[in-house]
Amino acid sequence: MGRMTRDEQLFEYLLHLGDSPLILAQRLGEWVGRGPVLEEDIAQTNVGLDLLGQARLWLSYAGEVEARCRRPGRDEDALAFLRESGQFRNLLLVEQPNGSFADTTARQFLFDAWHLLLLRALAKSGDATIAGIAAKAAKEAAYHVERSGDWVIRLGDGTEDSHAKMQAAIDDLWTYTGEMFTPDAIEPPLIEAGIAADVRSLAAPWRQHVDAVFATATLKAPDATFMQQGGKRGVHTEHLGHLLAQMQVLQRSHPGARW
Amino acid sequence: MTDALQPLAPRAPAMGAADPAGNEARPSLGALWQALDAVPDPEVPAVSVVELGILRGVEWDAIDPLLLVVTVTPTYSGCPATELIMTSIREAVVALGVARVRIETRLAPAWTTDWMTTEARRKLRDFGIAPPGAVPTPSAVDVAGISPLRRAGAAVACPRCGSKQTQLVSQFGSTACKAHFRCLACLEPFDYFKPH
């Protein structure tokens, strides 16, 4: 990593910023038409649309930065549809399967609380494009975390059955949350340069918010401390490959197809 | 992120010349703003893109006198209406005789409902959509401070009967920019254009 130029580091970092919302949007897309009630089907799809829009902005910028350092530079579509799973830099959390509505809600809430904090930090980035995208996306993320937090409370403090499902979902996904606060090898120089956000500083406020919502929801944060790592350097769970097979099939089968 | 349009005619008309329909090649900026104020938001047709505050600038290019540069700040990142809005803007200025148009996207400062005109808010209410309240300043990240809608939502009046006895049903209504409410007085459901 020591030989990477600033732009090469920035490119990898932008892939990380864009891939997490992209993959989560794809997961939320799987829910379209299958939500538990009409209002939530629509709400969840709208969250997915916001995330997809944000991913497009990050990946378009990634392509511009890539063009500054090598080759012609790829556009948002090439980056989304023509990379292999080992080249994706998203968090492991977002690629986890939808499961039940409780599983999807837990995944969304744990992500949203982190995402809002990250975007607010990035809005102060020394890179004007990053700051602009982040300031815009943070406004959207504020509504996302409000909604997912409401559902965590509603299900956690609901029936015996909904409480059990919500708690089980949190227990299952907890191991993927540590990665959100662990900088990857490319991040320290970008943090030092005032371009990237220092995710270590997000851990305390994230935990504070999560604990407050869990307390209202009568849920408990797991005691487990082992955390899975790897998403940011392209080491993924088995689920990402299956997701990409579906997401990329059209461009893989009909290269360059447009409508 | 630019969106250039090829000239409609093989050769662009000279300055001051009129096309066969009698349009000037360089209509006044006032006439252009007026035409753009007639371009509706496809998902909220009661208000125009100007009233919504999406349109940030209209000016002639410094080098190419026949190139009109239109600056747009989109609303939500995933708004599916954005591309249609861009197309409608282009069509509106081309209809006035503009030969070449470039639409530029400006992300910062981010679009806010505070840019919406008073007239737009009135039209929204008449259309059956509760207009947005003032945008709350983001405060410390805690359960209360993180919820712009819950804090703003306390004062959302029903666009039909005016009652403030209303209740949030879902943070997202028919589009990402609206929340779904119901009125506890007249029992009608309605959309609330979220402060953003």
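In this text the structure is predicted, and so the values were computed from the model without any measurement. (Residues numbered from 1 in each chain as written. Chains lettered and ligands numbered in written order. Predicted model: local features only at pLDDT ≥ 70, side-chain atom pairs only at ≥ 80, totals over all residues.)

**Observations regarding the overall build of chain A**
Regarding its fold elements, chain A presents ten helices and zero strands. In chain A, the succession of α and β elements from N to C terminus is α-α-α-α-α-α-α-α-α-α. Whereas a compact globule of 259 residues would reach a radius of gyration of roughly 18 Å, chain A reaches 18 Å, a difference of no more than 12%. Taken along the three principal axes of its C-alpha coordinates, chain A extends 55 × 45 × 30 Å. Split into buried and exposed, the 259 residues of chain A put 51% on the buried side. Considering only residue pairs separated by 6 or more positions, chain A has 73% of its internal contacts joining residues 24 or more positions apart. (Helix = DSSP H or I, 4+ residues; strand = E, 2+ residues; numbered from the N terminus. Rg over C-alpha atoms; globule rule 2.2 N^0.38 Å. Buried ≥ 20, exposed ≤ 12 C-beta atoms within 10 Å, placed from the backbone. Contact = placed C-beta atoms within 7 Å.)

**Considering unusual backbone geometry**
Trans is the common state for peptide bonds, and a negative phi is the common state for residues other than glycine. Residue and element names in this part refer to chain B. With an omega dihedral of -5°, the bond running from Ala108 to Pro109 counts as a cis peptide bond. As for its position among the elements, Pro109 is in the loop between β6 (100-105) and α4 (118-127). Here Leu187, not a glycine, exhibits a phi torsion of approximately 70°, which is positive.

**A closer look at the domain arrangement of chain B**
Residues and elements named next belong to chain B. Split into domains, chain B comes out as domain 1 (2-105) and domain 2 (117-193). Contact with domain 1, which involves ten residues of that partner, is made by ten residues of domain 2. Among the elements of the structure, β3 (44-48) and α2 (49-52) are those that each provide at least two residues to the side of domain 1 that touches domain 2. The element that contributes the greatest number of residues to the side of domain 1 that touches domain 2 is β3, accounting for three residues. Tallied by class, the residues present in the side of domain 1 that touches domain 2 amount to six nonpolar, two polar and two charged. (Domains from an automatic or database assignment. Nonpolar A, V, L, I, M, F, W, Y, C, P; charged D, E, K, R; others polar.)

**Topic: the interface of chain A and chain B**
Accessible area lost on assembly of the parts is the figure often given for the size of an interface. Listed per partner, the contact involves 30 residues of chain A and 24 residues of chain B. Among the elements that make up the side of chain A that touches chain B, the one with the highest residue count is helix α6 (residues 128-156) of chain A (13 residues). Residue composition of the side of chain A that touches chain B, grouped by class: 17 nonpolar, five polar and eight charged.

**Some thoughts on the sheet that holds strand β8 (residues 166-170) of chain B**
Residues and elements named next belong to chain B. Sheet architecture is open: four strands sit in the order β7-β10-β9-β8, paired in mixed fashion. Unpaired on one side and paired on the other, β7 (129-130) and β8 mark the two borders of the sheet. In this structure, β7 lies alongside strand β10 (residues 189-193), joined through two bridges in parallel fashion. In the strand pairing of β10, Ile129 is matched with Asp191. (Pairing = 2+ DSSP bridges.)

**Topic: helix α1 (residues 6-29) of chain A**
Helical geometry note: an α-helix holds 3.6 residues per turn, so side chains three or four residues apart project in the same direction. Residue and element names in this part refer to chain A. With 24 residues, α1 ought to run about 34 Å at 1.5 Å a step, and its terminal C-alpha atoms sit 35 Å apart, in line with that. The largest bend along α1 measures about 25° and falls at Asp19, with the proline Pro21 one to four residues further on. For α1, the buried fraction is high: 20 of the 24 residues fall into the buried class. (Expected span 1.5 Å × (residues − 1). Bend = angle between axes of the 7 residues up to and from the residue.)

**Points about the confidence of the model for chain B**
Residue and element names in this part refer to chain B. A residue-level look at chain B finds 78% of positions with pLDDT of 70 or above and a mean pLDDT of 83. In the model of chain B, strand β1 (residues 2-4) stands out as the element of lowest mean pLDDT, 45, in contrast to strand β5 (residues 67-72), which has the highest, 97. Low confidence marks residues 1-16, where pLDDT is under 50. Its contacts with residues over four positions away, or in another chain, come to 24 contacts. Scored below 50 in pLDDT, residues 139-145 makes eleven contacts in the model with residues more than four places away or belonging to other chains. Reported for the predicted complex are a pTM of 0.90 and an ipTM of 0.86. (pLDDT = per-residue confidence, 0-100.)

**Quick word on the packing of helix α5 (residues 101-122) of chain A against helix α9 (residues 203-217) of chain A**
All names here are of chain A. Their axes nearest at 10 Å, the elements α5 and α9 cross at an angle of 140°. It follows that α5 is oblique to α9 by the angle criterion. As for the relative orientation of α5 and α9, their crossing is right-handed in sense. Here Ala113, Trp114 and Leu117 of α5 come into contact with α9, specifically with Pro205, Trp206, His209 and Val210. Residue composition of the contact of α5 with α9, by class: six nonpolar, one polar and no charged. (Axes fitted to C-alpha atoms, helices over the stretch in contact; angles between N-to-C directions. Parallel < 35°, antiparallel > 145°, perpendicular 65-115°, else oblique. Left-handed = near helix turned anticlockwise from the far one by under 90°.)

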